Amino acid sequence: MGDVVGRDADLQTIARELDSPADQPPVVVLQGEPGIGKTTLWLAGIEQARQRGFRILSCRPSAAEAQLSYASLADLLADVDDDLLGTLPDPQRRAIDFVLLRGPAEPAVTDYRATGAALLSVLDRLADHTPVLLAIDDLQWMDSSTAQVADFALRRLSSPVAVLAALRSPGDSDQELPLLQSDPDRIHRVRVGPLSLGALHQVLRTRTGSSFPRPALTRIAQISGGNPFYALELAWGTRREGPADPASPLPQTLAQLVRIRIDGVRPDVQPALLAAAALGEPTVELIQFALDTGPAEAERLLDAAEDYGVITLDGHRVRFTHPLLATGVYTAASPARRRGMHRRLAELTADPEERARHIAQAATRLDAASAAALDHGAVRARARGAPAAAAELLELAIKLGANTPERRIALAHDHFDAGDPARARAMLEETVAGLPAGPSRAGALRLLAVVRLHDDSYRESAGYLEQALAEVGPDLRLRVQILNQLMFVLVNLGRIPDALQLTSETTASAERLGDPDLLAKALAASVMIRFLSGLGLDEPQLERALDLEDLDVPTPVMLRPTLISSLLLAWTGRLDEARESLQSIRRRCLDRGEESDLMFAAFHAVVVECWRGNLADAHLIAEDTMERALQLGTDIPRAIALATQANVAAYAGRPDEARRSALEALAIFQRGSCLAVTVWPAVTLGFLEVSRADYPAAAAVLGPLASAAAAMGYGEPTAAPCAPDAVEALIGVGRLDEAATLLDQLESNGRRLDRAWALALGARCRSLLLAAAGDLDAAAKAAEHALDEHRRLPMPFERARTLLVLGQIQRRRRQKRAAAVALQEAARAFDEIGTPLWAARARAELERVSGSSPAGSSRLTPSERRVAELGASGLTNREVAGALFISPKTVEANLARVYHKLGIHSRAELGQRMAERDT
């Protein structure tokens, strides 16, 4: 650090931040005007971090690289061992191969989220062994694709990773720098100011080898404003021109000074400098080819440029000694010379994306070949998971005159994929308004429907899709895409008969098209809709859909045959298979960074775990889901997380939390028009009131829901899971006729389709209805029949509820011994599952029989006990997280509560205490 002059306070600040506790890694931003010395401080900060044992991942983007997708990310990962990269999950490894240009020439389409997940995995794995510093110079020039994945990773890190960045100011705040918005409280800004006169003197003497008279030094300091780069350039000019005359004019701005410096370079050297300034990653070989000269001549010109102090040669790479000089070289060249250079570079560049940018910068108008090159570059960028870069290329084409509806639609798609749905929507609405009816307009309407789904506007989406279907014409692929999407939207609007009418046309059209993945989606959606309509489960068609599905094609999880299969497994009582399938989906979402999709899968995973009586895992998934929803920062993921939390809280006997979360989720969902999601929290509210035996409140919520399900065309009993609770609530308030009507439908559909769930819960409800009518003997037989059906239904909580009903009826029949046996078994089951409201009800009934009650449950919650058991087995937090498909932060939070409750402080104590508890 001996060559850093006049920055002692700044160096101490950086050192202090690097010495922060491991769980509070800093984000240090060095901000200042061009030439003020940010890079010098940045390099010194890297050296400080290296001395403290940090693993450094660094990049130094340039203005030319800012347009190239993942240029900065490739630099950040350049020194990461291939052995580590090779251990990443396949989607992440392929994404990194594309970033490092090690994949196939035409990569399969990937997603920036997979790239973000890959960077997250790399940072977490490196930070497991040593602290990591992400060091970025000239942050304002980081390409948009890298900025997007860096933001994704930094928002989700569970390991300590520090950031040291240099950022030019003044600028447009930090709106273009999302990674500075991930956690504003962590950011420490170091304002890099001017050097003092004494410090400037020391810098000038060290760098130029000369001392300057005080008058000259004072003038340099005044004009430069203490900016060391500006001062050095003035000093070099003064030294070259001899002793300064105090009256002689000096450049008054940095731009003037840079221009004078560039103009001082020999004319024959300037083309080499222009080639270097125009290239994203200039090398000696590329400059030689750009100049169309031999190696010796290229070396001579670059040596001369190095003698001028404008560039430096680092092996075969060419770097400007300061970014301002690169900008100065480029802007000093005439527009015609710049276009000529870009035209030459376009002929040399193999990468389609970089070639397209050179073509655009060389053009004054666009011919067909150039337009095709820009389109191909956009396709390549999109395939690499860089939709923002693809959008930039299409915008270049449009600005140069290739303003076609197809390009505007593709541009809107790229804006949407890059996370800007508002811009995509505005562009699509304008495009649709100006197009005549036909396939192009149908394509725009379909995409507009996708964008509106992002706003949770299902009714508007359905309208756009129905318009698109009417206009699509002979384009079979587009027709199948529209039909698949329209079926999904109609189901979520509760328009089951309308969706059913489309199934035959959709599957037939998909068969004719011959695209396996689109056919898989059509088949799976058709199987689901027919199932919901009460037409049974077509297992051969579902198996065919799963065989045809291409898991590598980016698709919303709700449309995936694998998810549809998971739900159908759950709804037909194959809960263990459903759990395994949902775990696989969640793992795939995590590997690909598809966190919005993960939210949807997580909700259903929680439902399945509750049905299985595994509240420990259900609680952990719900807790993890809320953490991820907060990271995503938008309403719908948060509403899903709240609905998930409410469901677990209702089972776990936390009524205030369950009601608060369910109502908050319902308020968010009701702002949209998706009927399917609004049902989730409403069903939870009804179940909560049944749990509390508040039947009037339960009937008010569940009665209309259960009746509406049949009216909307749901013929499958499990498609209306609230029906048994609705029947119980209606019986509880004496509305026996309404209860009987719902119960008849439940039992009839259960017998017709042989659904164990409907038959077991229907028989329990029949028992309640008969008991309410005073026929206790028939009620007891119905309850015993329900228990027979429970033998093929792996839902211990529902079986315990049936035991509770049987015990109540036997008590009323004065069969005290039999009642006590049933109620004791029910109470024990409720305690084991962790449903205290129901356990209390069973114990209350038992006390009415015998005055005894079973022992209470453990101090640890089921989820805390689950994490503690895995932690005590010797697994690390990350391994526990992997086993449970949750984040390490969720594991840490649960272990902290376990340590507090058990009064321990280490893993060793945890292992001992858990062994004692088992004994």
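These notes cover the structure that comes with them. (Residues numbered from 1 in each chain as written. Predicted model: local features only at pLDDT ≥ 70, side-chain atom pairs only at ≥ 80, totals over all residues. Heavy atoms only, no water.)

Description of the pattern of salt bridges
Pairs can form between side chains of opposite charge once their charged atoms are near each other.
Okay, step 1: Applying the stated rule across the entire model yields 67 salt bridges.
Okay, step 2: Of the charged contacts in the structure, one is a salt bridge between arginine 259 and aspartate 263, with a shortest N-O distance of 3.3 Å. Taken together, the residues arginine 259 and aspartate 263, both in helix H11 (residues 254–263) and four residues apart, mark about one turn of the helix.
Okay, step 3: Taking the relative accessible area as the measure of exposure, arginine 259 reaches 42% and is therefore partly exposed.
Okay, step 4: A salt bridge links arginine 628 to aspartate 624, with the nearest nitrogen and oxygen atoms 2.7 Å apart. Within this pair, arginine 628 and its partner aspartate 624 are both found in helix H31 (residues 615–632), separated by four residues, close to a single helical turn. The burial state of arginine 628 is the same as that of aspartate 624; both residues are buried.
Okay, step 5: Linked through salt bridges whose partners overlap, the residues forming this network are Asp576, Arg579, Glu609, Arg612, Asp617 and Arg866. (Salt bridge = Lys/Arg side-chain N within 4 Å of Asp/Glu carboxyl O. Helix = DSSP H or I, 4+ residues; strand = E, 2+ residues; numbered from the N terminus. Buried < 20%, exposed > 50% of the residue type's maximum accessible area, 1.4 Å probe, protein only.)

Examining the packing of aromatic side chains
Okay, step 1: Under the definition given, this model contains eleven aromatic pairs.
Okay, step 2: Summarising the aromatic geometry, the rings of tyrosine 458 and phenylalanine 488 are spaced 6.3 Å apart at their centres and angled 45° between planes, so their arrangement reads as tilted. Highlighted residues: tyrosine 458 in helix H23 (residues 458–471) and phenylalanine 488 in helix H24 (residues 476–492), separated in sequence by 30 residues.
Okay, step 3: Linked through ring pairs, Tyr651, Phe687, Phe797, Phe830 and Trp838 together constitute an aromatic cluster.
Okay, step 4: In this arrangement the basic side chain of arginine 156 is found over the ring face of phenylalanine 152, its NZ or CZ atom lying 4.0 Å from the centre. (Phe/Tyr/Trp six-rings, centres within 6.5 Å; stacked < 30°, edge-to-face > 60°. Lys NZ or Arg CZ within 6 Å of the ring centre and 35° of its normal.)

Some remarks on the pairing of strand E3 (residues 132–136)
Okay, step 1: The buried fraction of E3 amounts to five of the five residues, a majority that puts the element mostly inside the structure.
Okay, step 2: Pairing of strand E2 (residues 55–59) with E3, which is carried by five bridges, proceeds in the parallel orientation. The residue bridging serine 58 from the neighbouring strand is alanine 135, located in E3.
Okay, step 3: One ladder, built from five bridges, connects E3 with strand E4 (residues 161–168); its direction is parallel. Note that in E4 the partner of leucine 133 across the bridge is alanine 162.
Okay, step 4: Note that the unit made of E3, helix H7 (residues 144–156) and E4 has a crossover that is right-handed. (Pairing = 2+ DSSP bridges. Right-handed = clockwise from strand over helix to strand, strands pointing away.)

A short note on helix H37 (residues 736–753)
Okay, step 1: If you check H37, its first and last C-alpha atoms are 25 Å apart, about what 18 residues at 1.5 Å a residue would give, namely 26 Å.
Okay, step 2: When H37 is considered as a whole, its buried residues turn out to be Ala739, Leu742, Leu743, Leu746, Glu747, Asn749, Gly750 and Leu753. With its buried residues spanning 165° around the axis, H37 presents them on a single face. More than 90 degrees from the buried face of H37, the exposed residues found are Asp737 and Arg751.
Okay, step 3: Buried residues along H37 sit in contact with helix H35 (695–711), helix H36 (723–732) and helix H38 (756–772).
Okay, step 4: Positive phi shows up at aspartate 754, right after H37, with a value of about 55°. (Expected span 1.5 Å × (residues − 1). Arc of directions from axis to C-beta. Contact = heavy atoms within 4.5 Å.)

A look at H7
Okay, step 1: In this model, H7 (13 residues) spans 19 Å end to end at C-alpha, consistent with the 18 Å of a helix rising 1.5 Å per residue.
Okay, step 2: Residues of H7 that are buried include every one of Ser145, Thr146, Ala147, Gln148, Val149, Ala150, Asp151, Phe152, Ala153, Leu154 and Arg156, and no others.

So, the packing of helix H22 (residues 439–454) against H23
Okay, step 1: Interaxial distance between H22 and H23 falls to 8 Å at its minimum, and their mutual angle equals 165°. Comparing their axes, H23 and H22 come out roughly antiparallel. By crossing handedness, the relation of H22 to H23 is classed as left-handed. Judged by residue contacts, Pro439, Arg441, Ala442, Leu445, Arg446, Leu448, Ala449, Arg452 and Leu453 of H22 engage Tyr458, Glu460, Ser461, Tyr464, Leu465, Gln467, Ala468 and Glu471 from H23.
Okay, step 2: Per-class residue counts for the contact of H22 with H23 are ten nonpolar, two polar and five charged. (Axes fitted to C-alpha atoms, helices over the stretch in contact; angles between N-to-C directions. Parallel < 35°, antiparallel > 145°, perpendicular 65-115°, else oblique. Left-handed = near helix turned anticlockwise from the far one by under 90°. Nonpolar A, V, L, I, M, F, W, Y, C, P; charged D, E, K, R; others polar.)

Quick notes on the environment of isoleucine 731
Okay, step 1: With respect to the secondary-structure elements, isoleucine 731 resides in helix H36.
Okay, step 2: Along the backbone, isoleucine 731 and threonine 218 are 513 residues apart, and their C-alpha atoms lie at a distance of 94 Å.
Okay, step 3: Excluding anything up to four places from it in sequence, isoleucine 731 contacts Leu736, Ala739, Cys765, Leu768, Leu769 and Ala772.

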